[in-house]
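Secondary and tertiary structure notes
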Amino acid sequence: MDDRVAATLREDPTMARLIDRHGPLAIEPADDAFARLCTSIVNQQLSTASASAIHGRMVDALDGTVAPESLLAADEAALRETGLSGTKVEYLRNAAEAFRDDDRDLTRAGLADADDGAVVDRLTEIRGVGEWTARMYLIFALGREDVLPLGDLAVRKGIEQVYNDGDDLSRAEMREIGDAWRPYRSYGTRYIWAEYES
């Protein structure tokens, strides 16, 4: 996190306190965008601890290589034994086929000129990749700095906890809070997650 990001976020006194508490956090593109997409698919609708355990077993089942070819070649029963549901196995294989065969070029280089909305549109054409997963891809695979994923329960609960003593806020109110972090809402989101999970 460079000085520009910190200066912008610190204009919000609440966010300034989170920066002081959690230190510098980074938003960087993943080394392997496909593997990062698979992580988000595994994480769908699971607690952090459950998702992490299942993901670790999946990586082991794939002999440490999360790639389209290894996922498509893997035995379905072996993948199911890691804790993945049949539906998640299908979603992971759909993503693998899209990365292997698709002409949309979902790599960081292929999406470099696409705005966030276009990336979400391309990704959500893959069965099993919804808007939440696409927004996680923007942040964690592509390193996009200005994403506010209000489809994420932890983000919503975290904003309510930090900004409203845990009381309900509308999404419009949350967007207004996040507007103070522009153009670095992904960083603000990371601080909200860090606080919520602490």
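Keep in mind it's a predicted model, so treat the numbers as computed, not measured.

**Considering the nonpolar core**
Ranked by internal contacts, the top residues of the largest apolar core, which has 61 residues, are Met-58, Tyr-137 and Ile-159. Of the residues that make up this core, three or more belong to each of domain 1 (3-27 + 148-197) and domain 2 (33-142). Residue contacts for Tyr-137: discarding those within four places in its chain leaves Ala-33, Leu-37, Phe-99, Leu-106, Thr-107, Leu-111, Val-119, Leu-123 and Leu-142.

**Considerations on the packing of aromatic side chains**
Per the stated rule, a full pass over the model turns up five aromatic pairs. Aromatic side chains Tyr-163 and Trp-181 sit 6.3 Å apart centroid to centroid with 45 degrees between the ring planes, which places their arrangement in the tilted category. In this pair, Tyr-163 is assigned in helix H10 (residues 153-164) and Trp-181 in the loop between helix H11 (171-179) and helix H12 (185-197), connecting sequence segments 18 residues apart. On the basis of relative accessibility, which here comes to 21%, the residue Tyr-163 falls in the partly exposed class. Three or more aromatic residues joined by ring pairs make a cluster, and in this case those are Phe-34, Phe-99 and Tyr-137.

**Some points on the packing of helix H3 (residues 33-43) against helix H4 (residues 48-61)**
In a packed pair of helices, the relevant descriptors are the angle between the two axes and the axis-to-axis distance. Axis separation between H3 and H4 bottoms out at 9 Å; the angle between their running directions is 130 degrees. Classified by the angle between their axes, H3 and H4 sit oblique to one another. Helix-helix and strand crossings are classified by hand; for H3 and H4 the assignment is right-handed. Here Cys-38, Thr-39, Val-42 and Asn-43 of H3 come into contact with H4, specifically with Ala-51, Ile-54, His-55 and Met-58.

**Some words on the domain arrangement of the protein chain**
Domain assignment breaks the protein chain into domain 1 (3-27 + 148-197) and domain 2 (33-142). Computed from C-alpha coordinates alone, the two centres of domain 1 and domain 2 are separated by 26 Å. Listed per partner, the contact involves seven residues of domain 1 and six residues of domain 2. Where domain 1 abuts domain 2, roughly 540 Å² becomes buried across the two surfaces, and 74% of that area is made up of carbon and sulfur atoms. When the buried surface of domain 1 facing domain 2 is broken down by residue, Pro-149, Asp-152 and Trp-193 rank first, second and third, together holding 51% of it. Counting across the interface, domain 1 meets domain 2 through zero salt bridges. One can count one residue pair in polar contact (both at pLDDT 80 or more) joining domain 1 with domain 2. Looking at the side of domain 1 that touches domain 2, its residues break down into three nonpolar, two polar and two charged.

Criteria and cut-off values
Residues numbered from 1 in each chain as written. Predicted model: local features only at pLDDT ≥ 70, side-chain atom pairs only at ≥ 80, totals over all residues. Heavy atoms only, no water. Core = buried A, V, L, I, M, F, W, Y, C linked by side-chain atoms within 4.5 Å. Buried < 20%, exposed > 50% of the residue type's maximum accessible area, 1.4 Å probe, protein only. Domains from an automatic or database assignment. Contact = heavy atoms within 4.5 Å. Phe/Tyr/Trp six-rings, centres within 6.5 Å; stacked < 30°, edge-to-face > 60°. Helix = DSSP H or I, 4+ residues; strand = E, 2+ residues; numbered from the N terminus. Axes fitted to C-alpha atoms, helices over the stretch in contact; angles between N-to-C directions. Parallel < 35°, antiparallel > 145°, perpendicular 65-115°, else oblique. Left-handed = near helix turned anticlockwise from the far one by under 90°. Buried area = accessible area lost by both parts, 1.4 Å probe. Salt bridge = Lys/Arg side-chain N within 4 Å of Asp/Glu carboxyl O. Polar contact = N/O pair within 3.5 Å; in protein donor to acceptor, adjacent residues only side chain to side chain. Nonpolar A, V, L, I, M, F, W, Y, C, P; charged D, E, K, R; others polar.

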